[in-house]
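Structural overview
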Amino acid sequence: MPEFSGAIVLAIQFLFGAAVGMALGRQAHSFSWGRTADGLIGGIGGLLFVWPSPRIPGVGRFIGHLADGLTPTMVIGAAIAGLLGGLVLILLAGFIRVLMRGRQ
């Protein structure tokens, strides 16, 4: 069962990262790569945030260990980690886009 719980946590992180990526792309048009690309970039950011998230003081205790099964606290922690990871990566990608536009 831990493998299935791990897949659920990863899916939550991807979906929340994609949601924040699309939301930021919609609000800041100069940072947007397009709706689909913003969603993919945010989702990948949410997945990449799996590794550093347990070390962040406010988020680390929510991630927990999957050996005991999936808890509501872990779902909330995965959502927060996905949001933060998606936000960081979409902002980075947006800054790169702005820099590329400025050089042309």
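So, here is what we can say about the structure in this document.

Moving on: the side chain of S32. Within the fold, S32 resides in the loop between α1 (2-27) and α2 (35-48). Polar side-chain contacts of S32 include one of 3.1 Å to the backbone nitrogen of G34. A polar side-chain atom of S32 sits 2.8 Å from a polar atom in the side chain of D38. Excluding residues that lie within four positions of it along the chain, S32 makes contacts with G25, D38, R97 and R101.

This part covers α2. Between its first and last C-alpha atoms α2 spans 20 Å; for 14 residues at 1.5 Å apiece the expected length is 20 Å, and the two agree. The set of residues buried in α2 consists of D38, G39, I41, G42, G43, G45 and G46.

This paragraph deals with the packing of aromatic side chains. A full pass over the atoms with the stated rule returns one aromatic pair. Judged by centre distance (5.1 Å) and plane angle (65°), the ring pair of F31 and F95 falls under edge-to-face. With F31 in the loop between α1 and α2 and F95 in helix α4 (residues 72-103), this pair connects stretches of sequence that are 64 residues apart. On the basis of relative accessible area, F31 is assigned to the buried category, the value being 15%. For R97, the ring lying beneath its charged end belongs to W33, and the centroid distance is 5.0 Å.

About the thresholds
- Residues numbered from 1 in each chain as written.
- Predicted model: local features only at pLDDT ≥ 70, side-chain atom pairs only at ≥ 80, totals over all residues.
- Heavy atoms only, no water.
- Helix = DSSP H or I, 4+ residues; strand = E, 2+ residues; numbered from the N terminus.
- Polar contact = N/O pair within 3.5 Å; in protein donor to acceptor, adjacent residues only side chain to side chain.
- Contact = heavy atoms within 4.5 Å.
- Expected span 1.5 Å × (residues − 1).
- Buried < 20%, exposed > 50% of the residue type's maximum accessible area, 1.4 Å probe, protein only.
- Phe/Tyr/Trp six-rings, centres within 6.5 Å; stacked < 30°, edge-to-face > 60°.
- Lys NZ or Arg CZ within 6 Å of the ring centre and 35° of its normal.

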